[in-house]
Amino acid sequence: GIQVEQSPPDLILQEGANSTLRCNFSDSVNNLQWFHQNPWGQLINLFYIPSGTKQNGRLSATTVATERYSLLYISSSQTTDSGVYFCAVGYQKVTFGIGTKLQVIP
Amino acid sequence: DAMVIQNPRYQVTQFGKPVTLSCSQTLNHNVMYWYQQKSSQAPKLLFHYYDKDFNNEADTPDNFQSRRPNTSFCFLDIRSPGLGDAAMYLCATSSMTGGEQPQHFGDGTRLSIL
């Protein structure tokens, strides 16, 4: 099956800092999503982005499907951004990466 | 608001005692998924329904079964829970009718085994 790798596995940021999270995948995909799992376990869909660039407030994402990677940008981080960020790929059979655990400290 | 609802939020059962987790959706999505997530791990797909078609993952234990009586409801049955089945169980939906197809997740059911 398709392999999904995320980096870095852990990240600690000072509030207000910017960060870039990366997702590499082993095969061509027509469906890529970024999720945020908050400390209470809720999974929130941030972006559906099989290709191109999207922005939503302080978050943006870019997927370069031909090179098999996607990036999630977080600008001006806030403590509420803490949690785990997952990349997930696949159509019907959706495979998750292991996630990036982000901690934003005041 | 349209959403994915999982009940109960927390479930405690005894070793070997059958347990059923439920999921309902008001999004009218044709695909429903069940994931298992253990502590500090990624969600792992157990199975999914595309309409009434059931798709089981090859490594999903036989102990796990599912039912989807209609579009809105889906159930996860664990026939004889073992200690290793303690986890968060997440239900998700998506629409495979064209266009963007993001998954929408419920808040999960955290299962404990005594």
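Everything numeric here is computed off the predicted structure, so don't read it as measured data.

**A word on the sheet that holds strand 3 (residues 19–25) of chain B**
Paired through backbone hydrogen bonds, the strands of a sheet run either parallel or antiparallel to each other. Residue and element names in this part refer to chain B. Pairing in this open sheet of 4 strands is antiparallel, and the strands run 1-3-8-7 from one edge to the other. Each end of this open sheet is capped by a strand with a single partner; those strands are strand 1 (4–7) and strand 7 (64–67). Neighbour-to-neighbour, the strand axes of the sheet open up by a mean angle of 20 degrees, direction not taken into account. Relative to strand 8 (residues 73–78), strand 7 runs antiparallel, the two sharing 4 bridges.

**Some thoughts on the state of the cysteines**
All names here are of chain B. Considering all chains together, one arrives at 2 disulfides over all chains under this definition. The side chain of Cys23 participates in a disulfide bridge whose partner is Cys91; the two sulfur atoms lie 2.0 Å from each other. Between Cys23 and Cys91, the S-S torsion sits near -75 degrees, and that sign places the bridge as left-handed. Here the residue Cys23 occupies a position in strand 3, and Cys91 occupies one in strand 9 (residues 87–94), the gap between them amounting to 68 residues. For the pair formed by Cys23 and Cys91, the shared burial category is buried.

**Examining the pattern of salt bridges**
Taken as a whole and judged by the stated rule, the model has 4 salt bridges over all chains. The partner of Glu57(B) in a salt bridge is Lys93(A), and the shortest N-O contact between them spans 2.3 Å. One end of the pair, Glu57(B), is in the loop between strand 6 (53–56) and strand 7; the other, Lys93(A), is in the loop between strand 9 (83–89) and strand 10 (95–96), on a second chain. What makes Glu57(B) buried here is its relative accessible area of 11%. The salt bridge involving Lys44(B) is made with Asp59(B); its shortest N-O contact spans 3.3 Å. With Lys44(B) in strand 5 (residues 44–50) and Asp59(B) in the loop between strand 6 and strand 7, the pair connects residues that are 15 residues apart, well separated along the chain. Residue classification places Lys44(B) among the partly exposed residues on the basis of a relative accessible area of 31%.

**Examining the nonpolar core**
In summary, soluble globular proteins display a tendency toward joint burial of nonpolar side chains. In this structure, Trp34(A) and Leu72(A) are the most contacted members of the largest nonpolar core, which totals 21 residues. Broken down by secondary-structure element, the contributors of at least two residues to this core are strand 2 (10–14), strand 3 (19–25), strand 4 (32–37), strand 5 (43–48), strand 7 (59–64), strand 8 (69–74), strand 9 and strand 11 (100–105) of chain A. Residues Phe64(B), Ile78(B), Tyr89(B) and Ile113(B) belong to the second largest nonpolar core, which totals 18 residues.

**Digging into the pairing of strand 9 of chain A**
Residue and element names in this part refer to chain A. Within strand 9, 7 of the 7 residues are buried, leaving the element largely enclosed by the surrounding structure. The pairing of strand 4 with strand 9 spans 6 bridges and is antiparallel. Bridged to Gln37 within strand 9 is Val84. One ladder, built from 3 bridges, connects strand 9 with strand 11; its direction is antiparallel. Note that in strand 11 the partner of Val84 across the bridge is Lys101. Sheet analysis places strand 9 next to strand 10, joined by 2 bridges and oriented antiparallel. Bridge pairing in strand 10 links Val89 to Thr95. Linking two consecutive strands that pair antiparallel, namely strand 9 and strand 10, is a turn of 5 residues; a positive phi of about 120 degrees is found at Gly90 within it.

**Focus: the environment of Gln6(B)**
Residue and element names in this part refer to chain B. Take Gln6: it is sitting in strand 1. Overall, the relative accessible area of 7% leaves Gln6 in the buried class. Once the C-alpha coordinates of Gln6 and Gln25 are considered, the two residues, 19 residues apart in sequence, prove to be 8.8 Å apart. With residues up to four places along the chain from it excluded, the contact list for Gln6 reads Ser22, Cys23, Trp34, Tyr89, Leu90, Cys91, Gly106, Asp107, Gly108 and Thr109. Within the local environment of Gln6, its side chain forms a polar contact with the backbone oxygen of Tyr89, the two atoms lying 2.9 Å apart. A distance of 3.0 Å separates a polar atom in the side chain of Gln6 from the backbone nitrogen of Gly108.

**Regarding the interface of chain A and chain B**
At the interface, 19 residues of chain A touch 21 residues of chain B. Each partner contributes to the roughly 1700 Å² buried at the junction of chain A and chain B, and carbon and sulfur atoms together form 51% of this total. The largest per-residue losses of area from chain A upon contact with chain B belong to Leu43(A), Tyr48(A) and Gln92(A), which jointly make up 34% of the total buried on that side. Across the contact surface, chain A and chain B share 1 salt bridge.

About the criteria used
Residues numbered from 1 in each chain as written. Chains lettered and ligands numbered in written order. Predicted model: local features only at pLDDT ≥ 70, side-chain atom pairs only at ≥ 80, totals over all residues. Heavy atoms only, no water. Pairing = 2+ DSSP bridges. Helix = DSSP H or I, 4+ residues; strand = E, 2+ residues; numbered from the N terminus. Axes fitted to C-alpha atoms, helices over the stretch in contact; angles between N-to-C directions. Disulfide = S-S within 2.5 Å. Buried < 20%, exposed > 50% of the residue type's maximum accessible area, 1.4 Å probe, protein only. Salt bridge = Lys/Arg side-chain N within 4 Å of Asp/Glu carboxyl O. Core = buried A, V, L, I, M, F, W, Y, C linked by side-chain atoms within 4.5 Å. Contact = heavy atoms within 4.5 Å. Polar contact = N/O pair within 3.5 Å; in protein donor to acceptor, adjacent residues only side chain to side chain. Buried area = accessible area lost by both parts, 1.4 Å probe.

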